[in-house]
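These are the residues of each chain, in order.
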4 protein chains.
Amino acid sequence: MIRVTVWNEYLHERTDGIVKDIYPEGIHKVIADFLGKNDDMVVTTVVQDDPENGLTDEVLNNTDVLIWWAHIRHYEVSDAVVNKVKDHVLRGMGFIPLHSAHMSKPFTALMGTSCTLKWRDGDHERIWCLDPSHPIAAGVPETFVLDPEEMYGEFFDIPKPDSVVFMSWFRGGEVFRSGCTFTRGYGKIFYFRPGHEANPSYYNENVQKIITNAVRWACPTNRLAGITCPDVKPVEGI
Amino acid sequence: MIRVTVWNEYLHERTDGIVKDIYPEGIHKVIADFLGKNDDMVVTTVVQDDPENGLTDEVLNNTDVLIWWAHIRHYEVSDAVVNKVKDHVLRGMGFIPLHSAHMSKPFTALMGTSCTLKWRDGDHERIWCLDPSHPIAAGVPETFVLDPEEMYGEFFDIPKPDSVVFMSWFRGGEVFRSGCTFTRGYGKIFYFRPGHEANPSYYNENVQKIITNAVRWACPTNRLAGITCPDVKPVEGI
Amino acid sequence: MIRVTVWNEYLHERTDGIVKDIYPEGIHKVIADFLGKNDDMVVTTVVQDDPENGLTDEVLNNTDVLIWWAHIRHYEVSDAVVNKVKDHVLRGMGFIPLHSAHMSKPFTALMGTSCTLKWRDGDHERIWCLDPSHPIAAGVPETFVLDPEEMYGEFFDIPKPDSVVFMSWFRGGEVFRSGCTFTRGYGKIFYFRPGHEANPSYYNENVQKIITNAVRWACPTNRLAGITCPDVKPVEGI
Amino acid sequence: MIRVTVWNEYLHERTDGIVKDIYPEGIHKVIADFLGKNDDMVVTTVVQDDPENGLTDEVLNNTDVLIWWAHIRHYEVSDAVVNKVKDHVLRGMGFIPLHSAHMSKPFTALMGTSCTLKWRDGDHERIWCLDPSHPIAAGVPETFVLDPEEMYGEFFDIPKPDSVVFMSWFRGGEVFRSGCTFTRGYGKIFYFRPGHEANPSYYNENVQKIITNAVRWACPTNRLAGITCPDVKPVEGI
């Protein structure tokens, strides 16, 4: 059983009419709903305004994969929480930052770069699969469309991904590494570009399939009780 | 159900007393036995002297993961068979060349390099895990010993692997990239260094665990009926 | 002094009026001309119809970087020549296949994959830099346009590149890994997507800058007299 | 002219007799001396106890490549300085952390991982070249010995390097990714494992050659005035 926690900033859905209409109970609720249909997953949700930003030790100790949606309140997440999230990822917890979470504190801390990019609202996106052998691409068509979606464009200041599973084309002339895998310590990370809060992308079947695949892929392979450097006995007779 | 085919050159076990004592029914039989204990795998074996080197269209069309052990008869495998194996890998079939199969024709054709290395019989090997997040490392200790084992040493002339999951240390002073993953087309490849025919490495529990994990990892994500370049409709109005 | 050899199939420029108008003396001549302006390069040209396809031992032994343009006569290049080119690359010679040379025999032999892709004539290309730290990107703007150019689209069946330095956007809706680096043995390879024979892309200043940078980058770091596995003395007392 | 700044913690050389005997004027002085013999480099040194830890804006603005040696006073380097170093790397400055600088604040901030490893004093090290095509390997033998040297062992908690140029073997049974390249933003990073302060490794000719090569490789390709997301005009008529 994969224990998934969906974390949401949860601001726009409460304050912006357009967003509210699309995600009346919050983006986290829609993601939790489609993931919850899988027999091998148990899903809970937390939001930024919960105590300790929703990420108590108990929650983190019981999370295999953490999904993160955030946009304009990144800097209100406490550094103590960010350090704990980073530590859990290095010890094996999967981490899936979505869309504007490219600027979230846990993601930028794990990347070590600025994670900046270009953007423009209201474009037409075509997503291409560049690594059809990757588990996250299972059952996903070679290309599919999200229209409208916000444009994110290169140069995306991230370290070289282990795999660029998906690449986006935007009508306005930009390309973007939209689905990127990374390993950090014992943990696996998948950054996925969609979806803008004012577009219904999390209802798209391919987006749902990709996030579902990503949860299974990011589930810990091995997990450390702590970052440790255990002593290893030298070979005899040195 | 993962359909595994274990291919063996099957020469030393019939002609060399030491090898015969260790693998009386052939290396393929020992590998098939430990894999066959898994509920999600169905395993068959073929050997080089079978018609069409054991790899008829029917066999290949019904193989999800092909394991390959070979040593000194590489050049007796027909080019027609090699081309078919390569084509099946590019269309999604998993491929796991073991030990001296680094010089097998399918592996060198898929790598594009000479795949040469250094070697010396009768050393002491310590295998280290360098990518504990990789599915092939699941449940494998940080380090384990094979003693005796043949030394394989760098420079190993392979393209940069997607992941070096395991690295070997040899008492004589060498290091070696012992567990390497590659993607080629829709297919996943895992080269694994042990075991020399005169050493009982395929009875080692960690070696068995690694090969078992590798079979699951290499199982096709997506599979092509043929290498094709399907037409994609341009966006409207260009 | 970098010794560059520019190899050309040299067919379209002799038989097709449109191509002849753009490259009256052949694509190889235009490439040799702009490279030859650099004080650190000495450039020669050969064409497919030369004896031994222009690549005698003497030519190859005196080539640091080989540039290759070809389109529809790949299979008329002799296998003996292809094997020699591959061997020279593995021993250190730089190799820069351009545009439709993605299907040339030396490139596909070095990649180990089908190297197939999608294509459509007469599109509008925008090239983006994805790795501004790479030497091949020196002085190249973040993005530049080639219009018209032939579309090449993903899925491009190549092994994962060491770096995707450039990514193309096409008006029709496709993306493509247009500037890819690989290492094979001691050799460095840069595949670069432009230019279609009916478009004047090799006169473009950014295309010229990229190919010039690539020649310097691909120049051998170390060079082998032969692919060898020299004996290394074990540490004392094992 | 490559402007190199060598930064040193500069503690052991002043307080420990053994270290003082090997590096009487400090490790930074020995590194500056051998680099300074190159016609294409101008080298300056700074130490941790200098004002602003030696890294004023003027120093950083005039540094192409920053070399960093540190051991036990990492946490006395101010966060303001660390942030500036990180920012300069992302904008193009080369960065070469040596040996125990694996735990320095700028390196761990750029990596996003714990950067922990195993260690043991007084071992015998053999360094192997795994990427002979890499510019940092130019003229370096396939293998060379440092004896004695401190052992550093895997698991080394770093992100997957772009290239593992060098791999170390230690007599006690460990392996270690000793020469690793990374790109972060516009900057190039080379971590190099030797040398322990109580061993004279920086006098070794191969160590000197590697650091010299690394300086040339890490010199900025392109450099940003600031991390920016310049507007790019969409293609016409979207």
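Refer to the structure printed above.
On a predicted model such as this, the values are computed, not experimentally measured, just so you know.

Chemist: What am I meant to see in the sheet that holds strand β2 (residues 41–47) of chain D here?
Modeler: Sheet strands associate in pairs through backbone hydrogen bonding, adopting either a parallel or an antiparallel arrangement. All names here are of chain D. The nine strands lie next to each other as β2-β1-β3-β4-β9-β8-β7-β5-β6, forming an open sheet whose pairing is mixed. Every interior strand has two partners, whereas the edge strands, β2 and β6 (143–153), have only one. Within this sheet the neighbouring strands show an average axis-to-axis angle of 25°, counted without direction. As paired elements, strand β4 (residues 94–98) and strand β9 (residues 187–192) share two bridges and run parallel to each other.

Chemist: Can you walk me through the relation of the copies chain D and chain A in this structure?
Modeler: Each of the two chain copies can be generated from the other by rotation about an axis followed by a shift along it. Taken as rigid bodies, chain D and chain A are interconverted by a rotation of 180° and an axial shift of 0.0 Å, the fit giving an RMSD of 0.0 Å. Expressed as a symmetry operation, the mapping of one chain copy onto the other fits a two-fold axis. Across chain D, the smallest distance between a C-alpha and the rotation axis is recorded for D:Gly112, namely 2.5 Å. Of all interface residues in chain D, 100% are interface residues in chain A too; the two copies therefore contact each other through one and the same surface.

Chemist: Help me understand the relation of the copies chain B and chain D in this model?
Modeler: When chain B is fitted onto chain D, the two copies agree to an RMSD of 0.0 Å after a turn of 180° and an axial shift of 0.0 Å. Looking at the interface residues of chain B, 100% of them are also at the interface in chain D, so both copies use one shared face.

Chemist: What exactly am I supposed to notice about helix α5 (residues 79–90) of chain C here?
Modeler: Owing to its 3.6 residues per turn, the α-helix aligns residues three or four sequence positions apart on the same side. All names here are of chain C. Taking 1.5 Å per residue as the helical rise, α5 with its 12 residues ought to reach 16 Å, and the 16 Å between its terminal C-alpha atoms agrees with that figure. Every buried residue of α5 is listed here: Val 82, Val 85, Lys 86, His 88, Val 89 and Leu 90. As for α5, its buried residues are in contact with α4 (57–61), β3 (65–69), β4 (94–98), α6 (105–111), β8 (175–184) and β9 (187–192). One or two residues past the end of α5 sits Gly 92, with phi positive at roughly 130°.

Chemist: Looking at this structure, I do not really get the interface of chain D and chain A. What am I missing?
Modeler: Where interface size is given, it is often the accessible area lost as the parts come together that is meant. Taken together, the contacts link 27 residues of chain D with 27 residues of chain A. Those elements that provide at least two residues to the side of chain D that touches chain A are α6 (105–111) and β8 (175–184) of chain D. By residue class, the composition of the side of chain D that touches chain A is 13 nonpolar, eight polar and six charged.

Chemist: Before we go on, may I ask you to explain the interface of chain B and chain D in this structure?
Modeler: The interface of chain B with chain D comprises 13 residues on the first partner and 13 residues on the second. Those elements that place two or more of their residues in the side of chain B that touches chain D are β5 (118–129) and β7 (163–170) of chain B. Per-element tally for the side of chain B that touches chain D: the top contributor is β5(B), with three residues. Residues belonging to the side of chain B that touches chain D are distributed by class as follows: eight nonpolar, one polar and four charged.

Chemist: Any chance you could explain helix α3 (residues 27–36) of chain D here in plain terms?
Modeler: Residues of α3(D) that are buried: D:Ile27, D:His28, D:Val30, D:Ile31, D:Ala32 and D:Leu35. In this structure, the buried side of α3(D) is in contact with β1 (2–8), α1 (12–15), β2, β3 (65–69) and α7 (205–218) of chain D.

Chemist: Explain the sheet that holds β5(B) here, please?
Modeler: All names here are of chain B. If you trace the nine strands from one edge of the open sheet to the other, you get β2-β1-β3-β4-β9-β8-β7-β5-β6, paired in mixed fashion. Each having just a single partner strand, β2 (41–47) and β6 (143–153) make up the two edges of the open sheet. Taken over all neighbouring pairs, the strand axes of this sheet differ in orientation by 25° on average, direction set aside. Where β5 lies against β7, five bridges are found, and the strand directions are antiparallel. Each bridged residue has a counterpart across the sheet, and for Ile 127 the counterpart in β7 is Ser 168. Strand contacts of helix α3 (residues 27–36): β1 (2–8), β2 and β3 (65–69), with the helix running at about 175° to β2, the strand carrying the most contacts. In the packing of helix α7 (residues 205–218) onto the sheet, contacts are made with β1, β2, β3, β4 (94–98), β6, β8 (175–184) and β9 (187–192), and the angle to β9 comes to roughly 165°.

Chemist: Would you explain the environment of B:Ala32 in this entry?
Modeler: Residue and element names in this part refer to chain B. Relative to the helices and strands, Ala 32 is located in helix α3. Along the chain, Ala 32 and Val 4 lie 28 residues apart, while their C-alpha atoms are 8.5 Å from each other. Not counting the four nearest positions on each side in its chain, Ala 32 is found in contact with Val 6, Val 43 and Thr 45.

Chemist: Which parts of the structure should I look at to understand the nonpolar core?
Modeler: Within soluble globular proteins, side chains that are nonpolar tend to cluster in buried spots. The biggest cluster of nonpolar side chains holds 143 residues, and the ones touching the most others in it are A:Ile67, A:Ile96, A:Ala214, C:Ile67, C:Ile96 and C:Ala214. Excluding residues within four positions of it along the chain, C:Ala214 makes contact with C:Ile96, C:Ile136, C:Phe190 and C:Phe192.

Reading the values: the criteria
- Residues numbered from 1 in each chain as written.
- Chains lettered and ligands numbered in written order.
- Predicted model: local features only at pLDDT ≥ 70, side-chain atom pairs only at ≥ 80, totals over all residues.
- Pairing = 2+ DSSP bridges.
- Helix = DSSP H or I, 4+ residues; strand = E, 2+ residues; numbered from the N terminus.
- Axes fitted to C-alpha atoms, helices over the stretch in contact; angles between N-to-C directions.
- Least-squares fit on C-alpha atoms with pLDDT ≥ 70 in both.
- Contact = placed C-beta atoms within 7 Å.
- Expected span 1.5 Å × (residues − 1).
- Buried ≥ 20, exposed ≤ 12 C-beta atoms within 10 Å, placed from the backbone.
- Nonpolar A, V, L, I, M, F, W, Y, C, P; charged D, E, K, R; others polar.
- Core = buried A, V, L, I, M, F, W, Y, C linked by C-beta atoms within 7 Å.

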